[in-house]
Amino acid sequence: LDGSKSGQNFPEKSQSILEKRHREHLPDGSFFDLILIEAGSFNMGSNEHASEKPIHPVQLPEFYLAQYPVTQALWLAVIGGENPASFPSLQRPIERVSWYDAAAFCNRLNELCGYPPVYYGDATFTRPLDIETAKKITYPNTIAVFTKPEKIGYRLPSEAQWEYAARGGKDPDQ
């Protein structure tokens, strides 16, 4: 879960040093923590796997990332309904959800936190992706999803953001 840009509940960029952590509170009293991943660069890719070629430099601006994976408790606080997990326990990560479900989760989380949606089912950005729509998508069928990355709010991290954060924000070759 990526907290994109600074916004009404995020630390403001005008501060001399951004806060390293941010706690987001939901209307039901639950919360989750975000950590600041500082701007930087790294070499992404691999020469060992054709799908990851070529190795290339990636430059990332600072961003917030959820400190922990989305738990079943957070999923239920945001989406409600029945727990889709095969291994139910409120403190375990949510599983058995699709990418579409996760994108709809981000839109609902944005709604609860006072941010606009990020994921849409149309190129004109008039139909936000919701959980009811996401649940109707069955593989191998897919739908196009359009994003407004400049929007303030929560979205799924990009592959580059995820890899950079997983590396601790450092290139292992440095």
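Residues numbered from 1 in each chain as written. Predicted model: local features only at pLDDT ≥ 70, side-chain atom pairs only at ≥ 80, totals over all residues. Heavy atoms only, no water.

Draft legend 1. Main features of unusual backbone geometry. In this structure, the amide linkage connecting K53 to the following residue, P54, adopts the cis form with an omega of -10 degrees. With respect to the secondary-structure elements, P54 resides in the loop between strand 4 (40-44) and strand 5 (56-60). Backbone geometry at R96 places phi at a positive 65 degrees, although glycine is not the residue there. With respect to the element layout, R96 can be found in the loop between helix 1 (72-79) and helix 2 (99-113). A residue is classified by how much of its surface remains accessible, and R96, at 60% relative accessible area, is exposed. (Helix = DSSP H or I, 4+ residues; strand = E, 2+ residues; numbered from the N terminus. Buried < 20%, exposed > 50% of the residue type's maximum accessible area, 1.4 Å probe, protein only.)

Draft legend 2. Spatial organisation of the packing of helix 1 against helix 2. The N-to-C vectors of helix 1 and helix 2 enclose an angle of 65 degrees; their axes lie 9 Å apart at closest approach. For helix 1 against helix 2, the interelement crossing comes out left-handed. From helix 1, L74, W75, A77, V78 and I79 reach across to helix 2, where they touch D101, A102, F105, R108, L109 and L112. A per-class count over the contact of helix 1 with helix 2 returns 9 nonpolar, no polar and 2 charged. (Axes fitted to C-alpha atoms, helices over the stretch in contact; angles between N-to-C directions. Left-handed = near helix turned anticlockwise from the far one by under 90°. Contact = heavy atoms within 4.5 Å. Nonpolar A, V, L, I, M, F, W, Y, C, P; charged D, E, K, R; others polar.)

Draft legend 3. Local environment of the packing of aromatic side chains. Inspection of the entire model under this criterion finds 7 aromatic pairs. When the ring of W99 is compared with that of Y100, the centres are 5.5 Å apart and the planes differ by 85 degrees; the resulting orientation is edge-to-face. With 5.7 Å between their ring centres and 70 degrees between their planes, Y115 and Y154 make a pair best called edge-to-face. Separated by 39 residues along the polypeptide, Y115 in the loop between helix 2 and strand 7 (119-120) and Y154 in strand 9 (residues 153-155) bring together distant segments of the chain. In this structure Y115 comes out as buried when scored by relative accessible area, which is 6%. (Phe/Tyr/Trp six-rings, centres within 6.5 Å; stacked < 30°, edge-to-face > 60°.)

Draft legend 4. Focus on the pairing of strand 4. Only one face of strand 4 is covered, namely the face carrying G40, F42 and M44; the face carrying S41 and N43 is uncovered. Where strand 4 lies against strand 5, 5 bridges are found, and the strand directions are antiparallel. Each bridged residue has a counterpart across the sheet, and for G40 the counterpart in strand 5 is L60. (Pairing = 2+ DSSP bridges.)

Draft legend 5. Fine view of the layout of surface pockets. If you add up the space inside the largest pocket, you get close to 360 Å³. L1, Y68, P69, V70 and W162 are the residues nearest the centre of the largest pocket, which is lined by 20 residues in total. Taken together, the elements giving at least two residues each to the lining of the largest pocket come down to strand 3 (31-37), strand 6 (63-66), helix 2 and helix 4 (159-166). Broken down by element, the residue count for the lining of the largest pocket peaks at 3 residues, all from helix 2. Of the residues in the lining of the largest pocket, the class split is 19 nonpolar, 1 polar and no charged. Computed from the structure, the second largest pocket encloses a volume of approximately 290 Å³. For the second largest pocket, the lining is made up of 14 residues, of which F31, F32, Y68, T71 and L74 are closest to its centre. Mapped by element, the contributors of at least two residues to the lining of the second largest pocket are strand 3 and helix 1. Residue composition of the lining of the second largest pocket, grouped by class: 9 nonpolar, 4 polar and 1 charged. (1 Å grid on protein atoms, 1.4 Å probe; cavity = no way out; pocket = protein on both sides within 12 Å on 5 of 7 lines; lining within 4 Å. Points joined across faces, edges and corners; volume = space filled by probe spheres on them.)

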